[in-house]
Amino acid sequence: MAPATLTWTGILASNNWGAEETFGGTAVTNWSPNQLPQPGDSLIFGAAAGHFINNNNLEGPPDPRGNPPPFVVASLTFKASYDVLGKPIEISTAAGLTLSEPDIVVKIKLDVKVAVTQTWTGGGNGFGLNVIGVVSGGGSLNLLGPVFLKGNNSYSGATNVNPGARLHVLADNALGLT
C-alpha cells in the first residue's frame, strides 16, 4: 500500500492511534480516511478532533538489539494544540514536524528518531513546539519558529536555527551530540 495522508479525528472513546472499534459491522478508527496508520504515512492533527491528548500505541518491526521499535511516519502536522504521548516514532522525511497555526502549543512527550535532515516548525507566537521526549538518530534539525528542546537528546546531526526562529534549550544534552 502506498503511503497515505491521514487526519486525526479522535472520534472513538480511546485516544490511541491504533484504536479500532466495530459499529454495525463496520470497523471505525480515529483517522480520516477511516484506516489505521501504516509505516510511512503522513499524519495531520486537525482542529476538529475528539481528543487533543493522544497516544501512539503503534510499533515498527522488531529491533534485533532489543530497542523499542519506533513507528515510522513521514511527517507530523498540527493545526491545533495537542499533547502526544506513547511509544517512540521515527520521522523519515525532510517534512519533519510542523505547527501550521501561529497560536498553538504542541507537546511531543514521546521519543523521536530523526532519520534525515528535517525541518521542525513551531507556531509563530507563544510556546510553539515543545519536544519533551528524547530526540535520537543521525538527522539534523532545521528549526523555524519557537522550538523547545527539553529532552536528554542524542541525535548526531547539526541544529540549524533559521532567521526568526527561537530555540529554547532546557536540558544539558538538549542539542544532542552536536
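Residues numbered from 1 in each chain as written. Predicted model: local features only at pLDDT ≥ 70, side-chain atom pairs only at ≥ 80, totals over all residues. Heavy atoms only, no water.

**Regarding the overall build of the protein**
1) Next: Helix and strand counts for the protein stand at zero helices and 18 strands.
2) Next: For 178 residues, the compact-globule estimate of 2.2 N^0.38 gives 16 Å, and the protein sits close to it at 16 Å.
3) Next: Seen through its C-alpha atoms, the protein measures out along the principal axes to roughly 55 × 40 × 25 Å.
4) Next: Here the protein holds 178 residues, and 46% of them are scored as buried.
5) Next: Partitioning the contacts of the protein with sequence separation of at least 6, the portion at a separation of at least 24 is 40%. (Helix = DSSP H or I, 4+ residues; strand = E, 2+ residues; numbered from the N terminus. Rg over C-alpha atoms; globule rule 2.2 N^0.38 Å. Buried < 20%, exposed > 50% of the residue type's maximum accessible area, 1.4 Å probe, protein only. Contact = heavy atoms within 4.5 Å.)

**What about the pattern of salt bridges?**
1) Next: Counted by the stated rule, this structure contains three salt bridges.
2) Next: Among the ionic pairs, E90 bridges to K113, the shortest N-O distance being 3.9 Å. Linking E90 in strand 9 (residues 89-99) with K113 in strand 11 (residues 112-114), this pair joins segments that are 23 residues apart in sequence.
3) Next: In this structure E90 comes out as buried when scored by relative accessible area, which is 15%.
4) Next: Assessed through its relative accessible area of 35%, K113 is described here as partly exposed. (Salt bridge = Lys/Arg side-chain N within 4 Å of Asp/Glu carboxyl O.)

**Concerning the packing of aromatic side chains**
1) Next: Under the defined criterion, the tally for this structure stands at nine aromatic pairs.
2) Next: Plain terms: the ring middles of W17 and F45 are 5.8 Å apart, the flat faces sit at 40° to each other, and that makes the pair tilted. Residue W17 is located in the loop between strand 1 (5-8) and strand 2 (20-23), and its partner F45 is located in strand 5 (residues 42-45); the two are separated by 28 residues in the primary sequence. Side by side, W17 and F45 carry an identical accessibility label, which is buried.
3) Next: Ring geometry for F45 against F78: centres 4.9 Å apart, planes inclined by 15°, an arrangement best described as stacked. Placement of the pair is F45 in strand 5 and F78 in strand 7 (residues 71-78), with a sequence separation of 33 residues. Each of the two residues, F45 as well as F78, counts as buried. (Phe/Tyr/Trp six-rings, centres within 6.5 Å; stacked < 30°, edge-to-face > 60°.)

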